[in-house]
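# Examining the three-dimensional arrangement
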Number of protein chains: 2
Amino acid sequence: MLIRNVMMEDGRRTSILIEGNVIKGIGVADGAESDEVIDGEGLAILPAFYNLHTHTAMNLLRGYADDMPLQKWLTEYIWPFEGKMTADDMAAGSRLAADEMVRTGTVGFYDMYFHMDGTARIASEAGMRAVVAETFFQHTIGTLDGYAGIMNGWNSRSDGRVRMAVAPHAIYTNTTESLKTAARVARDNGALINIHVSETKEEVENCVRSTGMTPVRYLDSIGLLGPDVTAAHCVWLDREEWDIMAQRGVTVTHCPCSNMKLGSGRFPYRDAIASGVRLTLGTDGCASNNNLDMREEMKFAALLAKVDGDVECLPAAEILKWATRNGAEALGVDAGEIAEGKVADCILVDVNDYRMQPCHNLISNWVYAASSDCIRMVICDGKVIFRK
Amino acid sequence: MLIRNVMMEDGRRTSILIEGNVIKGIGVADGAESDEVIDGEGLAILPAFYNLHTHTAMNLLRGYADDMPLQKWLTEYIWPFEGKMTADDMAAGSRLAADEMVRTGTVGFYDMYFHMDGTARIASEAGMRAVVAETFFQHTIGTLDGYAGIMNGWNSRSDGRVRMAVAPHAIYTNTTESLKTAARVARDNGALINIHVSETKEEVENCVRSTGMTPVRYLDSIGLLGPDVTAAHCVWLDREEWDIMAQRGVTVTHCPCSNMKLGSGRFPYRDAIASGVRLTLGTDGCASNNNLDMREEMKFAALLAKVDGDVECLPAAEILKWATRNGAEALGVDAGEIAEGKVADCILVDVNDYRMQPCHNLISNWVYAASSDCIRMVICDGKVIFRK
């Protein structure tokens, strides 16, 4: 595929050749041999998004309950609704979510929910990348061995674009034993691990009360942390906990809209960045956001980082990196940059859209001013998965 | 104009008759006589937005300078750029802004900038409502009498949809004398007054140092506050200052994205609401946001109000009211609600858009999940000013 005369991040216009799933050449001659020629006039090429924390089936709960305390929200609305959802319902929710993600420029996602074989199938059919992690609690950990069979069946037949993983839900919904079991089964099967960590202050206080340690110290003490782990939220980590996360190679996923809407607290941007940990971005599920729009999520993160006066914290190019390159790394894809040799996960954006003009700075416009509706084409693994 | 089978806020479908600039009937027969029939199938009708604080010509500075300290941003980038802008440049910026506002569902705006007769003309041509306020500093206050002539010329020939007003920029850029002069000339000419108040903590400290009073107490002491005044930002008011603002009938405009991006601080939502003051929403200019998207601005306000745990603060329906009905009131228009007898300022939104489904709650979806791209039609003063 040859994309002609397209704008790069630095404003210059060039032609880009994609061969197989790789960006083969930048600055190639317009006459280069290719099956498809795309006219990039008026378009910019940017890396696509990876949504590193979501619950796709929760698209069915969009707007079902808002603006109320967490306990009421969970016990009176979310859990009763979830209790009625069948595997087919969950697949329907994931299908809605895949449609929304593809249209808004997301090519890969990390999902944590239930009946995840259905979600894996939908991601695969949509041409997306995904790691889908079945969620386990202390009372469901007994079903983990059965799940391992489904997971291995899927992981051995897929081409690696979609994988299944294991998600012990959180410390407060598991025992030390069930957390260790989840980690052991995941590692025995070469699967990734996903977990919610220190989302609320109350969670930290309860963990200290019951284990004598804060969540990250406790998880480290039981051997759960490692480069195969992605931890969502991490709102209440202290500086030493950030260092532990970095030393263990854990990936952290920041979910600004969810943290704001549920009143969880403000992410400690400076400590997180200083630790050198791999930082990624996620929307969380549609019940606590209420969309899967990574462009909007970038703006929320970049502005929340600055509100108390630290205006140089998390500039536009940095949050774009969290949402693209860092997410790709965490999913094990050599993408997230428009550069020769990188996997072709990218989007084409209309730079003539009224929100993208004038174009003093393409990245600033994309993060702060644009809308995901400026997207004209989405390419995942070298294939066009959405055209507008 | 008859809009058939359109969804109302509460989910029911009905037909709406607009006669002249007024919503004449709700629930009228489909066969009612009308010049134009609009099929509302798949659409919801919602009140249009009023952007109560912006600087439209700054659309030309979108993305010109971000992520840096305020003084550097102002002195090295914004002011030098503004210094080169001619009246024609400013009109061009306002034209870009009017296009953006109309497409994103805003029918009215309150502008504070320079060469405002050009902006007034552009608002008028776009079919929008506007109050456009020429900005005065202590060193330009001498030109106020000349401006009064231009303002009166415009205000006497317009139909009231677009008016010109007077904006003493802020306390720290004016003297007591120039502030009093601005207020006197505005009031002598029946014009509204716009001013930046307590945007930063430093501004409050400087005001206390030079006058012995905080900004609201100082402005009240010199007789500036009244129901003809709209004050932008008001981030650092104490509770008694909120009560003063309410007693004087001042309108306050909250600009969450700008306050976050410039690191100005967090708006005191609970104190502001408790005071009973009229609260409105604004995007500020494109150099500190960087767009004029009131749907996105609603989500920022509603989430910022909750981040530290007060999750019941500023629910979706309340912030929608700030962005619609309260803004209409401040501009002197009996609109902002879809009800019989109200002025027809409204938008039609695609409820089948992927971001609006499922539709458990239309207002929640509109505030938290949607995009301004879901807008299919914008009506101002009974006339269609945008169709998609």
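For the structure, see preceding data.
Residues numbered from 1 in each chain as written. Chains lettered and ligands numbered in written order. Predicted model: local features only at pLDDT ≥ 70, side-chain atom pairs only at ≥ 80, totals over all residues. Heavy atoms only, no water.

## Examining the overall build of chain A
When helices and strands are tallied, chain A shows 13 helices and 16 strands. Scaling as 2.2 N^0.38, a compact globule of 388 residues should have a C-alpha radius of gyration of about 21 Å, and chain A matches this with 21 Å. With the principal axes as the frame, chain A shows a C-alpha extent of 65 × 50 × 40 Å. The buried share of chain A, reckoned over its 388 residues, is 64%. Partitioning the contacts of chain A with sequence separation of at least 6, the portion at a separation of at least 24 is 70%. With the model as given, the accessible surface of chain A reaches about 13200 Å², and the carbon-plus-sulfur share is 47%. (Helix = DSSP H or I, 4+ residues; strand = E, 2+ residues; numbered from the N terminus. Rg over C-alpha atoms; globule rule 2.2 N^0.38 Å. Buried < 20%, exposed > 50% of the residue type's maximum accessible area, 1.4 Å probe, protein only. Contact = heavy atoms within 4.5 Å. Areas by Shrake-Rupley, 256 points an atom, 1.4 Å probe, with all protein chains shown as cover.)

## A look at the relation of the copies chain A and chain B
When chain A is fitted onto chain B, the two copies agree to an RMSD of 0.0 Å after a turn of 180 degrees and an axial shift of 0.0 Å. Seen this way, the second copy is the image of the first under a two-fold rotation axis. No C-alpha of chain A approaches the rotation axis more nearly than that of A:Asp373, which lies at 3.5 Å. (Least-squares fit on C-alpha atoms with pLDDT ≥ 70 in both.)

## Details of the pattern of salt bridges
Opposite charge on two side chains makes pairing possible when the charged atoms of those side chains draw close. Residue and element names in this part refer to chain B. Applying the stated criterion to the full structure yields 58 salt bridges over all chains. Here Arg 129 ties to Asp 381 by a salt bridge, and the two come within 2.8 Å at their closest N and O atoms. With Arg 129 in strand 8 (residues 129-136) and Asp 381 in the loop between strand 15 (375-380) and strand 16 (383-387), this pair connects stretches of sequence that are 252 residues apart. On the accessibility criterion, Arg 129 (7% relative accessible area) is buried. (Salt bridge = Lys/Arg side-chain N within 4 Å of Asp/Glu carboxyl O.)

## Brief notes about the state of the cysteines
Evaluated as defined, the whole model comprises 0 disulfides over all chains. Left without a disulfide partner, A:Cys380 is nearest to the cysteine sulfur of A:Cys346, which lies 9.5 Å away. Judged by relative accessible area, which is 2%, A:Cys380 ranks as buried. You can see B:Cys234 has no disulfide; the closest cysteine sulfur is in B:Cys255, sitting 9.4 Å from it. (Disulfide = S-S within 2.5 Å.)

## Focus: unusual backbone geometry
Residues and elements named next belong to chain A. A cis amide bond links Asn 289 with the next residue in sequence, Asn 290, at an omega value of 20 degrees. With respect to the element layout, Asn 290 can be found in the loop between strand 13 (278-281) and helix 11 (294-304). Although it is not a glycine, Asp 67 sits at a positive phi angle of roughly 60 degrees. Assessed through its relative accessible area of 17%, Asp 67 is described here as buried. Not every positive phi belongs to a glycine, and His 115 is a case in point at roughly 50 degrees. Within the secondary structure, His 115 sits in the loop between strand 7 (106-113) and helix 3 (116-125).

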